[in-house]
Number of protein chains: 2
Amino acid sequence: MKDKTTRDHIVEAADQLFYQQGYEHTSFSDIAHSVQISRGNFYYHFKSKDEILDAVIHVRLANTQKMLERWEIEGEQPVDRIRSFIHILIANRAKIKRYGCPVGTLSTELAKLDHGSKDEANELFTLFRVWLRRQFKLLGRKADADKLAMHLLARSQGVATLANAFHDEKFIKQEVKQLDDWLNSCVENTV
Amino acid sequence: MKDKTTRDHIVEAADQLFYQQGYEHTSFSDIAHSVQISRGNFYYHFKSKDEILDAVIHVRLANTQKMLERWEIEGEQPVDRIRSFIHILIANRAKIKRYGCPVGTLSTELAKLDHGSKDEANELFTLFRVWLRRQFKLLGRKADADKLAMHLLARSQGVATLANAFHDEKFIKQEVKQLDDWLNSCVENTV
DNA sequence: GACAGACTAGGATGTTTGTCCTAATCTACG
DNA sequence: CGTAGATTAGGACAAACATCCTAGTCTGTC
């Protein structure tokens, strides 16, 4: 467990702020203020704002990867693992209500900015997509595994977007219940 | 049919640009350039950028209202009307692929900016929600009409977000087919 | 054709942005 | 202790931004 360097602190603060305020709306001053560091000193660690975004995305990718591997170990059956995915909506419901889904909102923002790192941000979606696809295949849904993965991703995104817009946590629970039912019906329909 | 005033042109251009580039990322110069108007002249028509956003939102609200009323007239049965809603995903698929859903992306952005007009932007969602709820009630689903309306809204949002991230129009068609099936099953389960 | 009011152009203003520079301080090692 | 390299602070910089100002040009009316 190494000590956190200043660089790590910057990335961490940027990660939070990009999520809460959006990438463009977060200024260097915001990050500097949050890390309690001089604004100019910044450029010793990062050459540009884009470079910080890159670092944030890669940290998120690494963390997501780790989370998926953990679910793979903890969940005995593929169904349990997919359920882990569904239930992050519940676990993070307070933050989702306030800021939406960290993956979806960043992806949407970078698409509008036509930002150079938008493809890397979308890799976060791909990570989930590939992982879910594998779980559905293990479930015996070889033919339509990708379709199911995309369907589940889309429904999660929609839930996050509306929960954010309507500031409604109950809606998340309501929809998660339906997703659980849907998942069970996926198992029953195994070929 | 009155002539379009300069003000109308500004709102129209701002509407497009806010959709394509996002609100914050669209500058006065962008809009001025698009309308072929002097930048400074702007402030004769609008006191601030926020005021333009307000105008854009109200135009969108009015247009949405009109569209919903049209669907109400054209669709004989509630099912047909709800189907009209589902199929805007198909009709607008090219733009959705490039820029996402105009309602959802604006709502998400203003939430992050914590902008004063975010509630008004969310009224767009409410417009659809109330309208869909009414249709589901007419369908005989009195008890869970709002639940169904929210569910449908969420799924549409999710489809738009992922189609945008993955630049995938085929996914839209795939999911619309599933939504059509879902809608039919709603009719069958009428109490 | 003169005059008022609606409209426009283009530059000025002050602030905020990302970026860069330099001098100072810390840290580790000989 | 002394010195080199890593790290920091704080201000300088130009560009971009929303906003404001003023002088000019239309347009319709008497």
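Each remark here, short or long, concerns the structure printed above.
In this text the structure is predicted, and so the values were computed from the model without any measurement. (Residues numbered from 1 in each chain as written. Chains lettered and ligands numbered in written order. Predicted model: local features only at pLDDT ≥ 70, side-chain atom pairs only at ≥ 80, totals over all residues. Heavy atoms only, no water.)

Participant: Break down the overall build of chain A for me, with residues and values.
Facilitator: A count of helical and extended segments in chain A gives ten helices and zero strands. Listed by position from the N terminus, the elements making up chain A come as α-α-α-α-α-α-α-α-α-α. In terms of overall dimensions, chain A has C-alpha extents of about 60 × 35 × 35 Å along its principal axes. Evaluated residue by residue, chain A yields a buried proportion of 51% over its 191 residues. Residue pairs in contact within chain A that sit at least 24 positions apart in sequence constitute 69% of those at least 6 positions apart. Within the structure as shown, chain A displays about 9400 Å² of accessible surface, and the carbon and sulfur contribution to it stands at 49%. (Helix = DSSP H or I, 4+ residues; strand = E, 2+ residues; numbered from the N terminus. Buried < 20%, exposed > 50% of the residue type's maximum accessible area, 1.4 Å probe, protein only. Contact = heavy atoms within 4.5 Å. Areas by Shrake-Rupley, 256 points an atom, 1.4 Å probe, with all protein chains shown as cover.)

Participant: Mind laying out the packing of aromatic side chains, listing which residues take part and the relevant values?
Facilitator: For the structure on display, the rule yields 16 aromatic pairs over all chains. Arranged with centres 5.4 Å apart and planes meeting at 65°, the rings of Y19 of chain A and Y99 of chain A form a pair that is edge-to-face. In this pair, Y19 of chain A sits in helix 1 (residues 6-21) while Y99 of chain A sits in helix 6 (residues 93-99), placing the two residues 80 residues apart along the sequence. Exposure class is identical for Y19 of chain A and Y99 of chain A. Each is buried. Put simply, the rings of F28, F42 and Y43 of chain A pair up and form one aromatic cluster. In this arrangement the basic side chain of K49 of chain B is found over the ring face of Y23 of chain B, its NZ or CZ atom lying 4.6 Å from the centre. (Phe/Tyr/Trp six-rings, centres within 6.5 Å; stacked < 30°, edge-to-face > 60°. Lys NZ or Arg CZ within 6 Å of the ring centre and 35° of its normal.)

Participant: Outline the relation of the copies chain B and chain A, supporting the account with residue identities and numerical values.
Facilitator: Least-squares fitting of chain B to chain A yields an RMSD of 0.0 Å, with the superposition described by an axial translation of 0.0 Å and a rotation of 180°. The transformation relating the two chain copies, once decomposed into turn and shift, fits a two-fold axis. Looking at the rotation axis and the C-alpha trace of chain B, the residue lying nearest is G158 of chain B, at 2.0 Å. In this assembly, 100% of the residues forming the interface of chain B have copies in chain A that are likewise at the interface, indicating an isologous arrangement. (Least-squares fit on C-alpha atoms with pLDDT ≥ 70 in both.)

Participant: Explain the nonpolar core to me, using residue names and the numbers behind them.
Facilitator: As a rule of thumb, soluble globular proteins bury nonpolar side chains together. Formed by 126 residues in total, the largest nonpolar core has its most connected members in F136 of chain A together with F136 of chain B. Beyond its immediate sequence surroundings of up to four residues, F136 of chain B is in contact with I82, R141, A145, L148, A149, L152, W182, L183 and C186 of chain B. (Core = buried A, V, L, I, M, F, W, Y, C linked by side-chain atoms within 4.5 Å.)

Participant: Now, about the packing of helix 9 (residues 145-166) of chain B against helix 10 (residues 169-188) of chain B: what can you tell me, with residues and values included?
Facilitator: Geometrically, a packed helix pair is captured by the angle between its two axes and the distance between the axes. All names here are of chain B. Axis separation between helix 9 and helix 10 bottoms out at 10 Å; the angle between their running directions is 170°. In terms of orientation, helix 9 and helix 10 fall into the roughly antiparallel class. Note on element contacts: helix 10 touches helix 9 through F171, I172, E175, Q178, L179, W182 and C186, opposite L148, H151, L152, R155, V159, L162 and A163. Classifying every residue of the contact of helix 9 with helix 10 by side-chain character gives ten nonpolar, two polar and two charged. (Axes fitted to C-alpha atoms, helices over the stretch in contact; angles between N-to-C directions. Parallel < 35°, antiparallel > 145°, perpendicular 65-115°, else oblique. Nonpolar A, V, L, I, M, F, W, Y, C, P; charged D, E, K, R; others polar.)

Participant: Which residues make up helix 1 of chain A, and what values go with them?
Facilitator: For an α-helix the count is 3.6 residues per turn, leaving residues at separations of three or four pointing the same way. Residues and elements named next belong to chain A. Between the first and last C-alpha of helix 1 there are 22 Å, a value that for 16 residues agrees with the 22 Å anticipated at 1.5 Å per step. Among the residues making up helix 1, those that are buried are I10, V11, A13, A14, D15, L17, F18 and Y19. Where helix 1 terminates, the next one or two residues include G22, which has phi positive at roughly 90°. (Expected span 1.5 Å × (residues − 1).)

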